[in-house]
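# A closer look at the structure
Here's the letter readout for the chains.
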Amino acid sequence: NLPNTSTILIFIIGLTVASLILPEENQNLLYWFKTYALPLVEIGILSWILYKVFKTLKLFRSKQKNSSDFFNILKETCQDALPNGVANFLAMEIAVIFYGFIFWKKRDLKENEFSYYKNSGTIGLLFAFIFIIGIETYVLHILIVKWSVVAAWILSAISIYTGMQIFGFLKSIKKRPITIENNVIHLRYGIMSQVDIQIESITSIELSSKEIAQYQKTIKLSPLGALESHNIILHLNQELELTGFYGTKKRFKSIAFYVDKKEQFMEMLENKQG
């Protein structure tokens, strides 16, 4: 019942351990296997990956007819094709590239959609992070290259990739608004966190920017926490789970978030509550 990914992982670990612990004079069979059998295994793995990619693309096209949110479709498609942990990681990495460097078209908000970045200072904060990473990367590269060129370029590559991720997160904030649809609030903070809340589960709505009480199971939608303000707090009659980075979960009973047009948001929500 083991998934193929586990079998492949165990195979690679076994091969590596055998190469390390067996004396060289006893590695004749192992040498033969690595020379002749391993290429066949690698071709098999590559064929399996390509099959999964084509299967994922087919699932994506079929799901796209029923939903307009790219990230949700992407997560569902990856979860259908891959184990959970791998699916969450892959979906996040693809989403960073898509929102950061492919999806440039301006997204006009509908009546039931609300932005949360125009007045909160989030965009400026994330750009500041990217700028700091750029400066630190340049300075550290100059210092470390005197000790090791390879280490300097590895650290620089990691820093550049981190900056690209933050840029992808930043762009996704503009493309994934908070939405009130039917009787559900789709709370989103780019691709960094999200939760769907049934309107009937809301006990009270608070227009407030006061500091939240962590001990009362109150959390913030934004993963930036205290670095970003909020102006609305929803209190619920049951605990829900907020999905964060790479599929991480956090339980809450009250959630605080920022909405640019909070009065319109409140009015629509109250009309839905009826």
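Heads up: the structure comes first, above all this text.
Treat the numbers as computed from the prediction; the structure is a model and nothing was measured. (Residues numbered from 1 in each chain as written. Predicted model: local features only at pLDDT ≥ 70, side-chain atom pairs only at ≥ 80, totals over all residues. Heavy atoms only, no water.)

## Some remarks on the overall build of the chain
A count of helical and extended segments in the chain gives seven helices and eight strands. In the chain, which comprises 274 residues, the proportion classed as buried is 40%. Contacts in the chain between residues far apart in sequence, at least 24 positions, make up 63% of those at least 6 positions apart. When the accessible surface of the chain is summed, it comes to about 16,700 Å², and 62% of that surface belongs to carbon and sulfur atoms. (Helix = DSSP H or I, 4+ residues; strand = E, 2+ residues; numbered from the N terminus. Buried < 20%, exposed > 50% of the residue type's maximum accessible area, 1.4 Å probe, protein only. Contact = heavy atoms within 4.5 Å. Areas by Shrake-Rupley, 256 points an atom, 1.4 Å probe, with all protein chains shown as cover.)

## Here's the deal with unusual backbone geometry
A negative phi holds for most residues other than glycine; trans holds for most peptide bonds. Of note, N182 is a non-glycine position whose phi angle comes to about 60°, a positive value. Checked against the element boundaries, N182 lands in the loop between β2 (178-181) and β3 (184-189). For N182, a relative accessible area of 60% corresponds to the exposed category. Non-glycine residue Y246 carries a positive phi angle of around 50°. Position of Y246 relative to the elements: it lies in the loop between β7 (232-243) and β8 (249-257).

## Digging into the nonpolar core
Of all hydrophobic cores here, the largest spans 46 residues; its most connected members are I185, I197, I255, F257 and F265. At seven residues, helix α4 (residues 84-102) tops the list of elements feeding residues into this core. Non-local contacts of F257, meaning those with residues more than four positions away in its chain, are made with I178, L187, L221, H230, N231, I232, L234 and F265. (Core = buried A, V, L, I, M, F, W, Y, C linked by side-chain atoms within 4.5 Å.)

## Regarding the pairing of β8
With three bridges connecting them, strand β6 (residues 218-220) and β8 associate as parallel partners. Across the sheet, residue K220 finds its bridge partner in β8, namely A256. Bridge analysis of β7 against β8 gives eight bridges, and the strand direction is antiparallel. Bridge pairing links I232 to F257 in β8. From the end of β7 to the start of β8, which pair antiparallel, there are five residues, and Y246 there has a positive phi angle of about 50°. (Pairing = 2+ DSSP bridges.)

## A few points about the packing of α4 against helix α6 (residues 149-175)
The interhelical angle for the contact between α4 and α6, taken along N-to-C directions, is 70°, at an axis separation of 7 Å. Considering their axes alone, α4 and α6 lie roughly perpendicular with respect to each other. In this structure, α4 contributes M92, E93, V96, Y99, G100 and F101 to the contact, and α6 contributes Y161, M164, Q165, F167, G168, F169, K171, S172 and K175. In terms of residue class, the contact of α4 with α6 is built from eight nonpolar, four polar and three charged. (Axes fitted to C-alpha atoms, helices over the stretch in contact; angles between N-to-C directions. Parallel < 35°, antiparallel > 145°, perpendicular 65-115°, else oblique. Nonpolar A, V, L, I, M, F, W, Y, C, P; charged D, E, K, R; others polar.)

## Side note on the pattern of salt bridges
Taken as a whole, this structure holds three salt bridges when the rule is applied. Note that E239 is salt-bridged to R251, the shortest N-O span being 2.8 Å. One end of the pair, E239, is in strand β7; the other, R251, is in strand β8, and 12 residues separate them in sequence. On the accessibility criterion, E239 (25% relative accessible area) is partly exposed. We classify R251 as partly exposed; its relative accessible area is 45%. Salt bridges sharing partners connect three or more residues here, namely E239, E241 and R251. (Salt bridge = Lys/Arg side-chain N within 4 Å of Asp/Glu carboxyl O.)

## Comments concerning the packing of helix α5 (residues 122-144) against α6
The contact between α5 and α6 brings their axes to 9 Å, and the two run at 170°. Put simply, α5 runs roughly antiparallel to α6. Split into classes, the residues belonging to the contact of α5 with α6 amount to 15 nonpolar, seven polar and one charged.

## Focus: α4
Taking 1.5 Å per residue, 19 residues should reach 27 Å; α4 reaches 25 Å between its end C-alpha atoms and fits that length. All of the buried residues in α4 are A87, N88, A91, M92, E93, A95, V96, F98, Y99 and G100. (Expected span 1.5 Å × (residues − 1).)

## Some thoughts on the side chain of T243
Locating T243 in the fold gives a position in strand β7. Assessed through its relative accessible area of 15%, T243 is described here as buried. For T243, the side chain forms a polar contact with the side chain of K249, separated by 2.9 Å. (Polar contact = N/O pair within 3.5 Å; in protein donor to acceptor, adjacent residues only side chain to side chain.)

## A word on the packing of aromatic side chains
For any pair of aromatic rings, the description consists of the separation of the ring centres together with the inter-plane angle of the planes. In this structure the tally under the stated criterion is eight aromatic pairs. Their ring planes at 80° and their centres at 5.2 Å tell us that F98 and Y99 sit as a pair that is edge-to-face. Accessibility assignment for this pair places F98 and Y99 in one class, buried. Members of the aromatic cluster, each reached through a chain of ring pairs, are F101, W104 and F167. (Phe/Tyr/Trp six-rings, centres within 6.5 Å; stacked < 30°, edge-to-face > 60°.)

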